[in-house]
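Coordinate analysis (summary)
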Amino acid sequence: MLVYKQKELLIMLLLALLYYSTALFSSFIFANSSIISAGIFIPEGIALAFALHFGPKVVPGIFIGQFIFAIFNTHLFFFSFTVSVVNSVEALMAIYLFSKFKLDRKLTNFRDLIGLFFLSIFILEPFSAIISNSIFLFYKDNFLSNTFSWWF
């Protein structure tokens, strides 16, 4: 069971706020195209950095930030909840895989950078893209193009 100290709780809440505010920023910048097709969603990088640096205790911050952003933009509880779960699981996967492949979270050498790149491109983003866009099937079409855009 996770027990939070005051500092850890503050970091988790900071992440939730950063996630939500940068999601708003991303959606504002790419107002003429969907966030998915724009291929840039700033909170994903912030969430990954926090997860790798601070560990699993910040994952609820990812969930909260994503959920608040999604619920205010879609007003659909099921979609907001499930995409928030997917993004949280993605962060946990990143933490696990970084440890499994013995990568240094400080990215001190080339192997760590390449490992981060390959894990992101070939495991983490495809997982997020496929699962999240499967959820989108309930609300929109273009599964293949959305999944491809989300991935890259």
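All chains considered together, the criterion is met by one salt bridge. The shortest N-O distance in the salt bridge between lysine 57 and glutamate 8 comes to 3.3 Å. On the criterion of sequence distance, the pair formed by lysine 57 in the loop between helix H3 (42-54) and helix H4 (59-74) and glutamate 8 in helix H1 (residues 6-29) is long-range, its members being 49 residues apart. Note on glutamate 8: relative accessible area 24%, which makes it partly exposed.

Here the focus is the packing of H4 against helix H5 (residues 77-100). Axes are the key here: two packed helices are described by the angle between their axes and the distance separating the axes. Two elements in contact, H4 and H5, have axes whose closest approach is 8 Å; the angle formed by their N-to-C orientations is 150°. In terms of orientation, H4 and H5 fall into the roughly antiparallel class. The element H4 and its partner H5 pack so that their crossing is right-handed. Here H4 contributes Val59, Ile62, Phe63, Gln66, Phe67, Ala70, Ile71 and Thr74 to the contact with H5, which in turn contributes Phe77, Phe79, Ser80, Phe81, Val83, Ser84, Val85, Asn87, Ser88, Ala91, Leu92 and Ile95. Looking at side-chain class alone, the contact of H4 with H5 contains 14 nonpolar, six polar and no charged residues.

Of note in this structure, lysine 102 is not a glycine but carries a positive phi near 55°. Take lysine 102: its relative accessible area is 68%, and that puts it in the exposed class. Positive phi, close to 55°, is recorded for leucine 107, a residue that is not glycine. Turning to its location among the elements, leucine 107 is positioned in the loop between H5 and helix H6 (110-136). Leucine 107 sits in the partly exposed class, given a relative accessible area of 29%.

Our next topic: H3. Taking 1.5 Å per residue as the helical rise, H3 with its 13 residues ought to reach 18 Å, and the 18 Å between its terminal C-alpha atoms agrees with that figure. Those residues of H3 that fall on the buried side of the exposure criterion are Pro43, Glu44, Ile46, Ala47, Leu48, Phe50, Ala51 and Leu52. Glycine 55 sits one or two positions beyond H3 and adopts a positive phi of about 90°.

Definitions and limits used
- Residues numbered from 1 in each chain as written.
- Predicted model: local features only at pLDDT ≥ 70, side-chain atom pairs only at ≥ 80, totals over all residues.
- Heavy atoms only, no water.
- Salt bridge = Lys/Arg side-chain N within 4 Å of Asp/Glu carboxyl O.
- Helix = DSSP H or I, 4+ residues; strand = E, 2+ residues; numbered from the N terminus.
- Buried < 20%, exposed > 50% of the residue type's maximum accessible area, 1.4 Å probe, protein only.
- Axes fitted to C-alpha atoms, helices over the stretch in contact; angles between N-to-C directions.
- Parallel < 35°, antiparallel > 145°, perpendicular 65-115°, else oblique.
- Left-handed = near helix turned anticlockwise from the far one by under 90°.
- Contact = heavy atoms within 4.5 Å.
- Nonpolar A, V, L, I, M, F, W, Y, C, P; charged D, E, K, R; others polar.
- Expected span 1.5 Å × (residues − 1).

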